[in-house]
Structures are given as C-alpha cells and as structure tokens.
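Commentary on secondary and tertiary structure
Given next are the chains, with one letter for each unit.
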Amino acid sequence: MPENAGEGVAMSDPRVVAVRVADCGEPLVSLRDDDRFLIDERKATATDIFAMIRSGLVDQLWMAEKYLRERGRRLRVVECYRTPTQQSQYFQEEMSRLAAEHPDMTSNQLIELAGRYVSPPWVAPHSCGGAVDVTLASLDGIELDIGYRINAAPKRPGEMSFLDAHDLPRHARDNRMLLLAAMTHSGWVPHWYESWHFEIGTRFAALMADLDKSVYGVISDPHAEYL
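What you see is a predicted model; the values in this text were computed from it and never measured.

Close approach of charged atoms allows side chains of opposite charge to pair. Evaluated as defined, the whole model comprises 19 salt bridges. Its salt-bridge partner being Asp 13, residue Arg 15 comes within 2.9 Å of it at the nearest N-O pair. Its relative accessible area of 48% is what places Arg 15 among the partly exposed residues. Counted as one network, the salt bridges with shared partners bring together Asp 40, Arg 42, Arg 76, Glu 143 and Arg 149.

Here you go:
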C-alpha cells in the first residue's frame, strides 16, 4: 500500500482543515467533451456537472487510462465535480444517520466519523474539482468487480470499501490493486476509506504530500467565469 494512502485520515481531520488554500484559478472542463474517457451514467444530471474536472488534471487522468489500457483494462469515471449544496446535503444526511445510531456521541465525534465517508462541505475535494470517483472496466466498457460498488447500500460502506481490505475475492482484490496502481502511478492520491476515490491539488492531497497549501479551492458555481 502506498505511504500516501492516508490510513485513518478522515476528510474532517483538523490537519486537512488547516491546510491553506491558494487556488490557481484553473477552470473546470467537462470530460464529456473528451472521447478518450468512458463516463458512467449513474450520476448523470441535466447539466452534466458531475463530469467536470479542473483542466490541469485531464492529462493525469489520461495517464492512468493509458496505464490501464496497456494492461487490457480502462477507467470508468463515475463522478468528478459536486456542488457545495449537494455536498452539504450528503454530509447532513450522514450526520443525522450517525446521530441516530450513536446518540451519546458529541458533535465533534459525529463530524469525525461522518468525514470518513462524506467530506464536510468546507473541505470537500469534489466541490474543488480536484477529485474523481472511478472504477475499473474491461476494454469494451463493462464494469469490473473491485470488491465494493460505488454508492452501494448501506451508505456507510465499512471495511469492504477500505483501500487495503483483505477479505475480498482474489479477482476483486487484484482489480482494486490494479486501479490503485494506475492512479497513484499518475499522481493521484488515494483515500483510505473509499477505494474508488482519488484526488490531486486539494487540501487532503496536500496534507498527504506534506505540502503547505492546496491549489484548488471550493467552486460554488461551475458555470460561472472562474477567476
């Protein structure tokens, strides 16, 4: 497992929040406009904002795609950008669910626990355009088993979603490790709790790389002229 996998570091970790943001001003672009990538439709919206990503990350995603194609596989892109409103809704839903499940927990404890699987909106990497949820596919586009289906129920996935989960069928673990290898080879930072989630340029990625700042901050309106 890569040293920068961030074992045990939730998106709500104070060290993530403490990373300074110095946004570089790169615009969002849509992967819909690039036929090199296979876009999964499960997060499709009327505006297709789910397929938008910072322009500087397209080449690094393509690097991962090429790595996999050389090995008879390819990426299946599930979600990139997510609005702060969407992120806030997901986070509040997870907080409410956890509060009902753990009535004795303090607010800070609930935030820490929720932040393992749903990022707080104030640091959300998807809302920065610097994160991707991806899975593995065959060359003809069929999704392959990585041991856990993105967004499958229950909402809180548990150990089967963990990056280094061992209790997986051999084929699923091999697929997961191939996806991990392709993404980290291309500079993407993995997330310990969600084996399909990778990011670059965000607060979490900066922390994992021991950098003092992130280059991507939250974008409130993906269709506005940015910087």
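Looking now at the confidence of the model for the chain. Averaged over every residue, the pLDDT of the chain is 90; residues scoring 70 or more account for 91%. No element of the chain has a lower mean pLDDT than helix H4 (residues 107-114), which averages 90, and none a higher one than helix H2 (residues 58-69), which averages 98.

Residues in a regular strand point their side chains to alternate faces of the sheet. Within strand E5 (residues 131-138), 8 of the 8 residues are buried, which leaves it mostly tucked inside the rest of the structure. Across 6 bridges, strand E4 (residues 73-79) lies against E5 in antiparallel orientation. Bridging from a neighbouring strand, Arg 73 pairs with Ser 138 of E5. Both E5 and strand E7 (residues 194-199) contribute to a ladder of 3 bridges, which runs antiparallel. The partner of Asp 133 across the bridge, within E7, is His 197.

In this section: the packing of H2 against helix H5 (residues 170-185). At a minimum axis distance of 8 Å, the contact between H2 and H5 shows a crossing angle of 135°. For the element pair H2 / H5, the angle class is oblique. In the crossing of H2 with H5, the sense of the turn from one axis to the other is right-handed. On the side of H2, the interface is formed by Leu 61, Met 63, Ala 64, Tyr 67 and Leu 68, while H5 contributes Leu 178, Ala 181, Ala 182, Met 183 and His 185. Class assignment for the residues of the contact of H2 with H5 results in 9 nonpolar, 1 polar and no charged.

A word on the nonpolar core. Across soluble globular proteins, nonpolar side chains show a tendency to be buried alongside one another. With 46 residues, the main nonpolar core has Leu 31, Leu 61, Val 132, Met 183 and Trp 188 as its most contacted residues. Take this core: its biggest share by element is 6 residues, from H2. Apart from the residues within four sequence positions on either side, Met 183 is in contact with Leu 61, Ala 64, Leu 75, Val 132, Val 134, Trp 188 and Phe 198. Judged by nonpolar contacts, the second largest core, of 7 residues, contains Val 16, Phe 204, Ala 205 and Met 208.

Our focus in this paragraph is the packing of helix H3 (residues 84-101) against H4. Contact geometry for H3 and H4: axes closest at 9 Å, N-to-C directions at 120°. Comparing their axes, H4 and H3 come out oblique. Considering how the two elements wind past one another, H3 and H4 form a crossing that is right-handed. Residues Phe 91, Glu 94, Met 95, Leu 98 and Ala 99 of H3 form the contact with H4, whose own contacting residues are Ser 107, Leu 110, Ile 111, Leu 113 and Ala 114. Residues that form the contact of H3 with H4 fall into these classes: 8 nonpolar, 1 polar and 1 charged.

A few words on the sheet that holds E5. Strand order in the open sheet formed by 4 strands is E4-E5-E7-E6, and the pairing between neighbours is antiparallel. One side of each edge strand has no neighbouring strand; the edge strands of this open sheet are E4 and strand E6 (189-191). Each neighbouring strand pair of the sheet contributes to a mean axis angle of 45°, computed without reference to strand direction. Along the sheet, H2 makes contact with E4 and E5, crossing E4 at roughly 140°. Against the sheet, H5 engages E4, E5, E6 and E7, with an angle of about 130° to E5.

In this section: the pairing of E7. Of all the 6 residues making up E7, 6 are buried; the element is thus mostly covered by neighbouring parts of the structure. Direction of pairing for E6 relative to E7: antiparallel, over a ladder of 3 bridges. What sits directly across from His 191, in E7, is Glu 194. Linking E6 back to E7 in an antiparallel pair, the connection comprises 2 residues.

Calculation rules
- Residues numbered from 1 in each chain as written.
- Predicted model: local features only at pLDDT ≥ 70, side-chain atom pairs only at ≥ 80, totals over all residues.
- Heavy atoms only, no water.
- Salt bridge = Lys/Arg side-chain N within 4 Å of Asp/Glu carboxyl O.
- Buried < 20%, exposed > 50% of the residue type's maximum accessible area, 1.4 Å probe, protein only.
- pLDDT = per-residue confidence, 0-100.
- Helix = DSSP H or I, 4+ residues; strand = E, 2+ residues; numbered from the N terminus.
- Pairing = 2+ DSSP bridges.
- Axes fitted to C-alpha atoms, helices over the stretch in contact; angles between N-to-C directions.
- Parallel < 35°, antiparallel > 145°, perpendicular 65-115°, else oblique.
- Left-handed = near helix turned anticlockwise from the far one by under 90°.
- Contact = heavy atoms within 4.5 Å.
- Nonpolar A, V, L, I, M, F, W, Y, C, P; charged D, E, K, R; others polar.
- Core = buried A, V, L, I, M, F, W, Y, C linked by side-chain atoms within 4.5 Å.

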